[in-house]
Amino acid sequence: MSAIVMDGNALRDEVVAGLAEQIEALGSPEVCLATVLVGDDGPSQRYVNSKHKKAAEAGMVSRHHGLGADATQSEVEAIVRELAEDPSVHGILVQLPLPDGLDPEPVLDLVPAEKDVDGLTERSMGRLVRNRPGLVSCTPLGVMRLLEKYDVPTSGKRAVVIGRSTLVGLPLSLLLNRKGADATVTMAHSRTADMAGVVSEADIVIGAAGQARMITADMVKPGAAVIDVGVSRTEAGIVGDVDYEPVAEVAGWITPMPGGTGPMTIACLLENTLTAARLQGVIPAP
Ligand code: GUN
């Protein structure tokens, strides 16, 4: 068997084009995304740059605030406070992780829920848990969009999410479990006993652990959908959680790395920015 490759770049382009059309049809209001990046990490800089490039393609404006690796906690907080109060900014994204020594929690606490395009604040996460409308973390949303686009059945299926981060694993488990998706979800992590056994029972496998190529072909149920969200920096470059070539021989669907979930994170960030502008009354409700 050779898996269907889930093309995140193509779906991102479709989503971005749809956003551009919507914004134009609304008379091109200024919808603004602001990003904050602390430090000089190369991959994070490239990732933030592509967020700005795609925002422009969607017809949005964007602003970037870069701080040196030696920035203090209060300097970072001051910028986020300023963006929170600025009515011309509709979405705020603080690129994570922050450099060692900086605590992300008080920084995220300063982001108002209606500008929280990353879905990471307590209010956004609380709304997700309580199944109320709100902004949801972009990578999990992007994974759900890929599953829908490729008609991967979720209802009544077994899903395993490997990794329990607040950015990906936890919200994605909730989305897969929600009414409408209706998967039976197992949350696996570094302390899970018999990881191979747990994975082998799953119809949908999500690698979000950041453990290079930990999901191997012998673990995967034939025909399963295998989604790679992991990012590990190795001597061979950036690799995902999935041992791609051999797993593609067994799986029914697979996301490439790069070109799978990464582009969809950006697409969903821009969708969230439009939703945030709507929540702030900049554009009318649909
Ligand atoms: N770092 C890697 N992915 C993300 C993301 O989706 N949001 C933020 N804020 N930081 C990230």
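First things first, this report covers the structure right here in the doc. (Residues numbered from 1 in each chain as written. Predicted model: local features only at pLDDT ≥ 70, side-chain atom pairs only at ≥ 80, totals over all residues. Heavy atoms only, no water.)

Remarks on the overall build of the protein chain
Phase 1 of the analysis: Secondary structure summary: the protein chain contains 10 helices and 11 strands in total.
Phase 2 of the analysis: Viewed in the frame of its principal axes, the protein chain has a C-alpha envelope of about 50 × 45 × 35 Å.
Phase 3 of the analysis: Buried positions account for 49% of the 286 residues belonging to the protein chain.
Phase 4 of the analysis: Long-range pairs, those at least 24 residues apart, make up 73% of the contacts in the protein chain with a sequence separation of at least 6.
Phase 5 of the analysis: When the accessible surface of the protein chain is summed, it comes to about 13,100 Å², and 50% of that surface belongs to carbon and sulfur atoms.
Phase 6 of the analysis: Counting 24 positive and 37 negative side-chain charges, the protein chain places the averaged centre of each group 6 Å from the other. (Helix = DSSP H or I, 4+ residues; strand = E, 2+ residues; numbered from the N terminus. Buried < 20%, exposed > 50% of the residue type's maximum accessible area, 1.4 Å probe, protein only. Contact = heavy atoms within 4.5 Å. Areas by Shrake-Rupley, 256 points an atom, 1.4 Å probe, with all protein chains shown as cover. Lys, Arg positive; Asp, Glu negative; His and termini not counted. Charge placed at Lys NZ, Arg CZ, Asp CG, Glu CD.)

Points about the environment of Leu174
Phase 1 of the analysis: You can see Leu174 is positioned in helix α7 (residues 169-177).
Phase 2 of the analysis: The exposure class of Leu174 is partly exposed, given its relative accessible area of 26%.
Phase 3 of the analysis: Among residues more than four places away in sequence, those in contact with Leu174 are Leu128 and Val129.

Notes on helix α1 (residues 8-25)
Because each turn of an α-helix spans 3.6 residues, side chains separated by three or four positions end up pointing in the same direction.
Phase 1 of the analysis: Here α1 contains 18 residues, and its C-alpha end-to-end distance of 26 Å stays within 8% of the 26 Å for a straight helix at 1.5 Å per residue.
Phase 2 of the analysis: Buried within α1 are the following residues: Gly8, Leu11, Arg12, Val15, Val16, Leu19 and Ile23. With its buried residues spanning 135° around the axis, α1 presents them on a single face. For α1, the exposed residues set more than 90 degrees away from the buried face come down to Glu21, Glu24 and Ala25.
Phase 3 of the analysis: Summarising the contacts, the buried residues of α1 are in contact with α2 (42-57), α6 (138-149) and α10 (261-279).
Phase 4 of the analysis: The positive-phi residue at the C-terminal boundary of α1 is Gly27, with phi of around 90°. (Expected span 1.5 Å × (residues − 1). Arc of directions from axis to C-beta.)

Topic: the packing of α1 against α6
Phase 1 of the analysis: α6 packs onto α1 with a crossing angle of 100° between their chain directions and a minimal axis gap of 11 Å. Taken together, the axis directions place α1 and α6 in an arrangement best described as roughly perpendicular. Seen from α1, the contacting residues are Gly8, Leu11, Glu14 and Val15; seen from α6, they are Arg145, Leu146 and Lys149.
Phase 2 of the analysis: Taken together, the residues that form the contact of α1 with α6 break down as 3 nonpolar, 1 polar and 3 charged. (Axes fitted to C-alpha atoms, helices over the stretch in contact; angles between N-to-C directions. Parallel < 35°, antiparallel > 145°, perpendicular 65-115°, else oblique. Nonpolar A, V, L, I, M, F, W, Y, C, P; charged D, E, K, R; others polar.)

Description of the site of the ligand
Phase 1 of the analysis: Within the structure, the ligand sits among Tyr47, Leu93, Val94, Gln95, Leu96, Asp118, Thr139, Leu167 and Thr265.
Phase 2 of the analysis: Taking Gln95, its side chain carries an N or O atom lying 3.2 Å from a nitrogen atom of the ligand.
Phase 3 of the analysis: Leu96 places a polar main-chain atom, nitrogen or oxygen, 2.8 Å from a nitrogen atom of the ligand.
Phase 4 of the analysis: Looking at the shell around the ligand residue by residue, the classes come out as 5 nonpolar, 3 polar and 1 charged. (Near = heavy atom within 4 Å. Polar contact = N/O pair within 3.5 Å; in protein donor to acceptor, adjacent residues only side chain to side chain.)

Section: the nonpolar core
Phase 1 of the analysis: Of all hydrophobic cores here, the largest spans 47 residues; its most connected members are Met60, Leu147, Leu176, Ile206 and Leu270.
Phase 2 of the analysis: Of all elements in the fold, only α1, α6, β5 (158-162), α7, β7 (204-207), β8 (225-228) and α10 reach the threshold of two or more residues within this core.
Phase 3 of the analysis: The leading source of residues in this core is α10, at 9 residues.
Phase 4 of the analysis: Each residue touching Leu270, except ones within four places of it in the same chain, is listed here: Val16, Leu19, Leu33, Lys51, Lys54, Ala55, Ala58 and Met60.
Phase 5 of the analysis: Listed in part, the 19 residues of the second largest apolar core include Ala188, Ala202, Val220 and Val242. (Core = buried A, V, L, I, M, F, W, Y, C linked by side-chain atoms within 4.5 Å.)

So, a negative patch on the surface
Phase 1 of the analysis: Side chains of Asp103, Glu105, Asp109 and Glu122 sit close together on the surface and give a patch of like negative charge.
Phase 2 of the analysis: Looking at where Asp109 falls in the secondary structure, it is placed in the loop between α4 (104-108) and α5 (122-129). (Patch = residues over 30% accessible without salt bridge, like charges linked within 9 Å, V, L, I, M, F, W, Y side chains within 5 Å. Salt bridge = Lys/Arg side-chain N within 4 Å of Asp/Glu carboxyl O.)

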